[in-house]
Amino acid sequence: MGKKITDNVTWVGKVDWELQLFHGQELSTHRGSSYNAYLIRDGKNVLIDTVWQPFDREFVSRLKEEIDLKDIDYVVMNHNEIDHSGALPELMREIPDTPIYCTANGKKIIEGHYHQDWNFHVVGLGDKLETGKGTLTFIPAPFCHWPDTMFTYYDAEGILFSNDGFGQHYATESLFNDKNLSEEIYTEAKKYYCNILNLYGSNVKKAIDTVVGLNVPLSMICPSHGVIWRDNPMQIVETYLKWANDYQENQVTLIYDTMWNSTRKMAEAIAEGIRQETPDTVIKIMEAGKQDKNDILTEVFNSKAILMGCPTINQGLSYAIGGLLEMMKGLKFKKKKAAAFGSYGWAPQGLKKLTAGLTDCGFEIVMDGKTCQWVPDEEALHACIEYGREFAKAL
Ligand code: FEO
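Conventions adopted
Residues numbered from 1 in each chain as written. Predicted model: local features only at pLDDT ≥ 70, side-chain atom pairs only at ≥ 80, totals over all residues. Heavy atoms only, no water. Helix = DSSP H or I, 4+ residues; strand = E, 2+ residues; numbered from the N terminus. Buried < 20%, exposed > 50% of the residue type's maximum accessible area, 1.4 Å probe, protein only. Contact = heavy atoms within 4.5 Å. Areas by Shrake-Rupley, 256 points an atom, 1.4 Å probe, with all protein chains shown as cover. Lys, Arg positive; Asp, Glu negative; His and termini not counted. Charge placed at Lys NZ, Arg CZ, Asp CG, Glu CD. Pairing = 2+ DSSP bridges. Axes fitted to C-alpha atoms, helices over the stretch in contact; angles between N-to-C directions. Core = buried A, V, L, I, M, F, W, Y, C linked by side-chain atoms within 4.5 Å. Domains from an automatic or database assignment. Arc of directions from axis to C-beta. Buried area = accessible area lost by both parts, 1.4 Å probe. Salt bridge = Lys/Arg side-chain N within 4 Å of Asp/Glu carboxyl O. Polar contact = N/O pair within 3.5 Å; in protein donor to acceptor, adjacent residues only side chain to side chain. Patch = residues over 30% accessible without salt bridge, like charges linked within 9 Å, V, L, I, M, F, W, Y side chains within 5 Å. 1 Å grid on protein atoms, 1.4 Å probe; cavity = no way out; pocket = protein on both sides within 12 Å on 5 of 7 lines; lining within 4 Å. Points joined across faces, edges and corners; volume = space filled by probe spheres on them. Nonpolar A, V, L, I, M, F, W, Y, C, P; charged D, E, K, R; others polar.

Participant: Outline the overall build of the protein chain, listing residues and values.
Facilitator: Within the protein chain, the secondary structure is distributed over 12 helices and 22 strands. Seen through its principal axes, the protein chain has C-alpha atoms that stretch 80 × 40 × 35 Å. Counting over 395 residues, the protein chain shows a buried share of 57%. For the protein chain, the share of sequence-separated contacts (at least 6 apart) that also reach a separation of at least 24 residues comes to 71%. A total accessible area of about 16600 Å² is found for the protein chain, and carbon and sulfur atoms account for 50% of it. Computing the positive centroid from 40 side-chain charges and the negative centroid from 54, the protein chain places the two 3 Å apart.

Participant: Give a detailed account of the sheet that holds strand S15 (residues 159–163), specifying residues and quantitative values.
Facilitator: Pairing between the strands of a sheet comes from backbone hydrogen bonds, and it takes one of two forms, parallel or antiparallel. Across the sheet, which stays open at both edges, the five strands sit in the order S12-S13-S14-S15-S16 with mixed pairing between neighbours. Every other strand in the sheet has two partners, leaving strand S12 (128–130) and strand S16 (220–223) as the edge strands with one partner each. Each strand of the sheet is rotated relative to its neighbour by a mean of 20 degrees, with strand direction disregarded. Relative to strand S13 (residues 135–140), S12 is paired through three bridges, and the arrangement is antiparallel. Following the sheet pairing, Leu129 is matched in S13 by Leu136. Packing of helix H6 (residues 201–214) onto the sheet brings it into contact with S13, strand S14 (150–154) and S15, and relative to S13 it is tilted by some 150 degrees.

Participant: Break down the nonpolar core for me, with residues and values.
Facilitator: Leu63, Leu91, Phe166, Met328 and Leu358 are the most contacted members of the largest nonpolar core, which has 83 residues in total. In terms of residues, this core owes the most to one element, helix H5 (residues 182–197), which gives eight residues. Looking at which domains feed residues into this core, each of domain 1 (3–243) and domain 2 (251–394) gives three or more. Leave out the neighbours within four places in its chain, and Leu91 touches Leu47, Thr50, Val60, Leu63, Leu69 and Val75. Counting 25 residues, the second-largest nonpolar core is a separate cluster that includes Tyr74, Val76, Phe161 and Ile228.

Participant: So, the sheet that holds strand S8 (residues 45–48): which residues are in play, and what are the values?
Facilitator: Pairing in this open sheet of seven strands is mixed, and the strands run S1-S2-S7-S8-S9-S10-S11 from one edge to the other. The outermost strands of the open sheet, each flanked by one partner alone, are strand S1 (3–4) and strand S11 (120–122). Both strand S2 (residues 9–11) and strand S7 (residues 38–41) contribute to a ladder of three bridges, which runs antiparallel. Bridge pairing links Val9 to Ile40 in S7. Set on the sheet, helix H1 (residues 56–66) makes contact with S2, S7 and S8; between it and S7 the angle comes to about 20 degrees.

Participant: Describe in detail H5, supporting the description with residues and values.
Facilitator: The element H5 is extensively covered by neighbouring structure, given that 12 of its 16 residues are classed as buried. Where H5 is buried, its residues contact strand S5 (27–28), H6, helix H7 (234–243), helix H9 (293–302) and helix H10 (319–331).

Participant: Any details on H1? Residues and values, ideally.
Facilitator: Taken as a whole, H1 has its buried residues at Asp56, Phe59, Val60, Leu63 and Glu66. End-on, the buried residues of H1 take up no more than an arc of 105 degrees, which puts them together on one face. Its buried side turned inward, H1 meets S2, S7, S8 and helix H3 (88–94).

Participant: Explain the domain arrangement of the protein chain residue by residue, including any values.
Facilitator: Segmentation of the protein chain into domains returns domain 1 (3–243) and domain 2 (251–394). Contact residues are listed per partner, giving 13 residues for domain 1 and 13 residues for domain 2. Summed over both sides, the interface of domain 1 with domain 2 buries roughly 1100 Å², with 51% coming from carbon and sulfur. Of all residues in domain 1, Cys194, Asn198 and Leu199 bury the most surface against domain 2, accounting for 40% of the area lost on that side. With its nearest N and O atoms 3.2 Å apart, the salt bridge here joins Lys191 to Asp295. The tally of links between domain 1 and domain 2 comes to 11 residue pairs in polar contact (both at pLDDT 80 or more). Taken together, the elements giving at least two residues each to the side of domain 1 that touches domain 2 come down to S5 and H5. Ranked by residue count, the leading element in the side of domain 1 that touches domain 2 is H5, at five residues.

Participant: Talk me through a nonpolar patch on the surface; I want residue IDs and the actual numbers.
Facilitator: Taken together, the side chains of Trp346, Trp374 and Val375 make up a nonpolar region of the molecular surface, amounting to roughly 460 Å² of accessible area. Turning to its location among the elements, Trp374 is positioned in the loop between strand S22 (370–373) and helix H12 (378–394). A residue is classified by how much of its surface remains accessible, and Trp374, at 53% relative accessible area, is exposed.

Participant: Talk me through empty space enclosed by the protein; I want residue IDs and the actual numbers.
Facilitator: Scanning all chains against the criterion turns up three cavities of 30 Å³ or more. As a volume, the largest cavity reaches approximately 80 Å³. A per-element tally of the lining of the largest cavity places H1 first, with five residues. Considering only residue class, the lining of the largest cavity consists of six nonpolar, two polar and four charged.

Here is the structure:
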C-alpha cells in the first residue's frame with residue numbers, strides 16, 4: 001500500500017534498503033535509497049514518476065492496490081533516468097494511451113530507452129495542467145540531473161516535486177525529514193549533491209532562482225530519493241545554494257595511496273606540519289585504495305585544499321589515485337588549492353603526473369610537489385612536517 005502524505009497526495013514509491021551501489025559501481029549508497037513516486041488524487045488522478053526497473057512489477061501491483069490503473073488520467077515524468085522511468089514499460093503495457101507529460105528532452109530520453117510511441121505531451125516552463133482542485137506548473141530544471149529534468153509544483157497543497165534535486169540516497173520507512181535523524185539526512189544529501197550534482201552547480205542555482213521567482217507558498221518538497229522535506233522545506237534550498245556557491249570549509253584533506261608505507265608516512269608528517277601551523281584547521285587523511293571513493297570525494301568537497309600523494313608505480317600513478325583524479329575532474333570542484341607528494345625508488349615520474357592531474361582537475365597548485373626517495377628517515381619526515389607548515393601558510 002502507498003503512504004498518504006497529504007489529503008491529496010500518496011507516496012507510491014519503493015524503499016530499497018539493500019542498495020549498496022548506484023550508477024553501476026560509481027556511487028556507494030551506505031544507507032540504501034528510495035525511488036519516490038507520488039499519486040495525486042483531487043479530481044484528476046496524476047502519477048508523478050515511477051521507480052527503478054527491477055521493482056517494476058512490484059510497483060505496478062502495489063499501485064493497483066491504490067487505484068484502478070485505468071483511472072490514472074496523467075503520468076508526469078520529471079526525469080527519465082532508469083531509476084525513475086524503469087517501471088514505465090510495465091505500467092504503460094496496461095494503460096498505453098495515458099498521456100505522459102515531460103520535457104522535450106524527456107520525450108527523447110524515454111524514446112531512446114524504451115523505443116515506444118507513447119502519448120507524449122511535451123511541456124515547457126510555466127505550462128500548466130489542471131488536476132481538479134489544483135494545478136500543476138511545470139518548471140524545467142535542465143541538468144539537475146540530466147537535460148530532461150524538471151520540477152513540478154502543485155499549488156493546491158504547495159508541494160514541489162523536485163525529482164533528484166534535494167534528494168538523498170537514504171532508505172527510511174518514515175518519509176518525512178522531521179521523522180529521521182537530521183545528521184544522517186544531511187550527510188547523505190551532501191554526498192548526493194557532491195557526487196551527482198556538483199558539476200551542475202550553476203544549473204542548480206538557476207533552477208532554484210526560477211522556483212523562488214514563482215513566489216508561491218512551499219509547504220513541502222518531495223524529491224525522488226530519500227526523505228520529504230516537510231519541516232521547514234526551505235532549509236534544504238538554502239543549503240543547496242551554499243553548496244552550489246563553491247562550497248568549502250576550513251578543512252584540508254590528504255589523500256594518498258601507498259605500497260610500502262613510505263607515502264603514508266609522508267602524509268602523516270605533512271598533516272602534522274599543517275596541524276602545527278594552523279591548529280584550527282580540520283585535517284583528514286584518507287587512503288585512496290581502501291576508503292570509499294565517494295566518501296573521499298565528499299571530503300574534497302568539504303575542503304579548501306587537498307594534498308594528494310602517490311608513490312611512483314610503473315613510471316606513473318596507482319589505479320586508485322588515477323581513478324580519483326578522473327572522478328574529481330568530472331565533478332569540477334572550484335576554488336580549491338592543492339599540492340602533490342609521493343615516494344619513489346629510482347625516478348619520481350609519478351609526482352609530475354599527479355601535479356599535472358590536479359591541475360587538469362582545476363585545482364590551484366600552491367607549491368611544488370614533495371618527493372622522498374625510498375623510505376623516509378627522520379630527516380625526510382622533518383622535511384615533510386616543514387612542507388606541511390609551508391602548505392598551510394600558502395592557503
Ligand atoms: Fe535519480 Fe538522475 O536519477
